[in-house]
Amino acid sequence: EVRELGSHQDRNFRIDTPDGRRVLKVANRGWGRPALEAQNAALLHLAQSSPAFAAPVPVAAPDGSLLLEAADGDDLLPVRLLTYVEGTPLTSTRHLAPQVVADLGRLSALASAALADFDHPGLDRVVQWDLRQAGPVLAALLGSITDPDRRALVADCAARATERLVEVADRLRVQAIHGDVTDDNVVGHPDEAGRLRPDGIIDFGDLTRSWLVSDIAVTVSSILRHEPDDPFVALEAVRAFHEVVPLDDADVAALWPLVVLRGATLVASGEHQAALDPDNPLVTEPLEGEWRILHTARTVDLDLAEAAVRTALGMGPAPRHAEALAAVAAAAPLFEVAGWSVVDLSATSPHLHSGRFLD
């Protein structure tokens, strides 16, 4: 039995055989052979290292080949066969419980850790989802956003994020990354409480060599689509990632700017694809969620986001924030302040209960 699966640019088919399920992947001819060979090599690398998650495994043809070419008229299309990873995609889940958010972060880190020692010539390619390429990608695609206000908003968000990234880019670690550990590409099984707990990663199409911290930034962005009213829910994923792959000062400074850039790239690419293929629901339906990611990410001031991440990871203030706090503390004698305390001004603060805010 053969059933087509969804895909933006390729053609994927689930095939049920007496020996189990497989996925036949007919690649877009624009991929190039080195990139597909890199994906196959990475999947074999994972299979040999036995990480704590499920991933597809390439299936060899009778002649031992992992990548074949099928004639399509005068063209040759790259074709691969992979094992099928059982599970339900997380896109089917509207709300992500904190435990599930943490699972996503841990899964992203496990993929990063498993690929840390992987190398292949096919990793060195220019791909629009590599956040190191966000500048030129947005310059090329921004015109596809026809609404001038939205176009200006995306440009402004990208400029602010890029300005912050420039400060730390030369200190960010680079390695092979999956680049797309998101709700779309993660499958799971329900636990005793009925929560879908992610335990498998599919679709290694965005595999490339890039900043390590991009992996968790991409994962965080996908969480924001589910929790637009509380972006800091995603800190559970960051904390879980950090437990497996520790983040350093540069990573933390770059994290939220990369989340913003991911959102900007998603909407620009989505609008571009929708203009090219307006009748494809796989292209048009995700657009609303992609705009939600960007809007949610940009509601958080970059300094505040960095401080929140550092607090969640127990890292203390960033160096520039520590200097400011020290300056304030040094000025205390000018105001005859004997000590400092934290006052909770949130909506649930006991200090504001029963009309006390009037005082």
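Coordinates for the structure precede this section.
Residues numbered from 1 in each chain as written. Predicted model: local features only at pLDDT ≥ 70, side-chain atom pairs only at ≥ 80, totals over all residues. Heavy atoms only, no water.

Asker: Looking at this structure, how should I read the environment of Trp-211?
Answerer: Of note, Trp-211 is situated in strand E10 (residues 208-211). Among the residues examined, Trp-211 registers a relative accessible area of 10% and is labelled buried. Each C-alpha atom of the pair Trp-211 and Ala-318 lies 20 Å from the other, and the pair is 107 residues apart in sequence. Excluding residues that lie within four positions of it along the chain, Trp-211 makes contacts with Leu-131, Arg-132, Leu-165, Ala-169, Leu-172, Arg-173, Val-174, Ile-177 and Leu-258. (Helix = DSSP H or I, 4+ residues; strand = E, 2+ residues; numbered from the N terminus. Buried < 20%, exposed > 50% of the residue type's maximum accessible area, 1.4 Å probe, protein only. Contact = heavy atoms within 4.5 Å.)

Asker: What is the right way to look at the sheet that holds strand E8 (residues 186-190) in this model?
Answerer: The pairing of strands in a sheet comes from backbone hydrogen bonds and takes either a parallel or an antiparallel form. The 3 strands are arranged E6-E8-E9 in an open sheet whose pairing can be described as antiparallel. A strand with exactly one partner marks an edge of an open sheet, and here the two such strands are strand E6 (88-89) and strand E9 (196-201). Pairing geometry for E8 and E9, over 5 bridges, is antiparallel. By the bridge assignment for E9, His-189 is matched with Arg-197. Each of E8 and E9 is contacted by helix H2 (residues 98-115), which is oriented at about 15° to E9, the strand it contacts most. (Pairing = 2+ DSSP bridges. Axes fitted to C-alpha atoms, helices over the stretch in contact; angles between N-to-C directions.)

Asker: Explain the side chain of Asp-183 to me, please; I cannot follow it from the model alone.
Answerer: Within the element layout of this structure, Asp-183 appears in the loop between strand E7 (174-177) and E8. For Asp-183, the side chain forms a polar contact with the side chain of Arg-225, separated by 2.7 Å. A distance of 2.6 Å separates a polar atom in the side chain of Asp-183 from a polar atom in the side chain of His-226. Excluding residues within four positions of it along the chain, Asp-183 makes contact with Pro-89, Leu-90, Thr-91, Ser-222, Arg-225 and His-226. (Polar contact = N/O pair within 3.5 Å; in protein donor to acceptor, adjacent residues only side chain to side chain.)

Asker: Would you explain helix H4 (residues 148-166) in this entry?
Answerer: Residue pairs spaced three or four apart in an α-helix point in one direction, given the helix's 3.6 residues per turn. Between the first and last C-alpha of H4 there are 27 Å, a value that for 19 residues agrees with the 27 Å anticipated at 1.5 Å per step. Among the residues making up H4, those that are buried are Leu-153, Val-154, Cys-157, Ala-158, Ala-161, Arg-164 and Leu-165. The buried residues of H4 occupy an angular sector of 125° when projected down its axis, which confines them to one face. When the buried face of H4 is taken as reference, the exposed residues oriented beyond 90 degrees from it are Asp-149, Arg-160, Glu-163 and Val-166. Tucked inside the fold, the buried residues of H4 contact helix H3 (134-141), E10, helix H7 (249-276), helix H9 (287-298), helix H10 (302-312) and helix H11 (319-330). For H4, the side-chain oxygen to backbone nitrogen distance between the N-cap and Asp-149 is 2.9 Å, and the N-cap itself is Asp-147. (Expected span 1.5 Å × (residues − 1). Arc of directions from axis to C-beta.)

Asker: Would you mind going over the packing of aromatic side chains with me for this structure?
Answerer: Two measures describe an aromatic ring pair: the distance that separates the ring centres and the angle between the ring planes. Tallying each qualifying case throughout the model produces 0 aromatic pairs. One cation-aromatic arrangement involves Arg-21 over Tyr-84; the distance from NZ or CZ to the ring centre is 5.6 Å. A cation over an aromatic ring shows up here: Arg-150 above the ring of Trp-291, its NZ or CZ 4.0 Å from the ring centre. (Phe/Tyr/Trp six-rings, centres within 6.5 Å; stacked < 30°, edge-to-face > 60°. Lys NZ or Arg CZ within 6 Å of the ring centre and 35° of its normal.)

Asker: In this structure, what is going on with the pattern of salt bridges? I would like to understand it.
Answerer: Two side chains that carry opposite charge are able to pair once their charged atoms sit near each other. Taken as a whole and judged by the stated rule, the model has 23 salt bridges. As a salt-bridge pair, Arg-173 and Asp-248 come within 3.9 Å of each other at their nearest N and O atoms. With a gap of 75 residues between them, Arg-173 in the loop between H4 and E7 and Asp-248 in the loop between helix H6 (235-244) and H7 connect regions that are remote in the sequence. Residue Arg-195 pairs with Asp-191 through a salt bridge whose shortest N-O separation is 3.0 Å. In this structure Arg-195 comes out as partly exposed when scored by relative accessible area, which is 29%. (Salt bridge = Lys/Arg side-chain N within 4 Å of Asp/Glu carboxyl O.)

Asker: Help me understand the packing of H4 against H10, please; the structure alone is not making it clear to me.
Answerer: Remark: H4 packs on H10, axes separated minimally by 11 Å, with the N-to-C direction vectors making an angle of 55°. In this view, H4 runs oblique relative to H10, as classed from their interaxial angle. Within the contact between the two elements, H4 uses Arg-160, Ala-161 and Arg-164 and H10 uses Leu-302, Asp-303 and Glu-306. (Parallel < 35°, antiparallel > 145°, perpendicular 65-115°, else oblique.)

Asker: Mind showing me how you'd approach unusual backbone geometry here?
Answerer: Trans peptide bonds make up most of the peptide bonds, and negative phi angles are found at most residues other than glycine. With a phi angle near 50°, Ser-50 is a residue other than glycine that sits in the positive phi range. As for its position among the elements, Ser-50 is in the loop between helix H1 (33-49) and strand E4 (68-72). For Ser-50, a relative accessible area of 57% puts it in the exposed group. The backbone phi angle of Asp-203 is positive, close to 55°, even though this residue is not glycine. With respect to the helices, strands and loops of the structure, Asp-203 is situated in the loop between E9 and E10.

Fair warning: the whole summary comes from geometry, so function is off the table for now.
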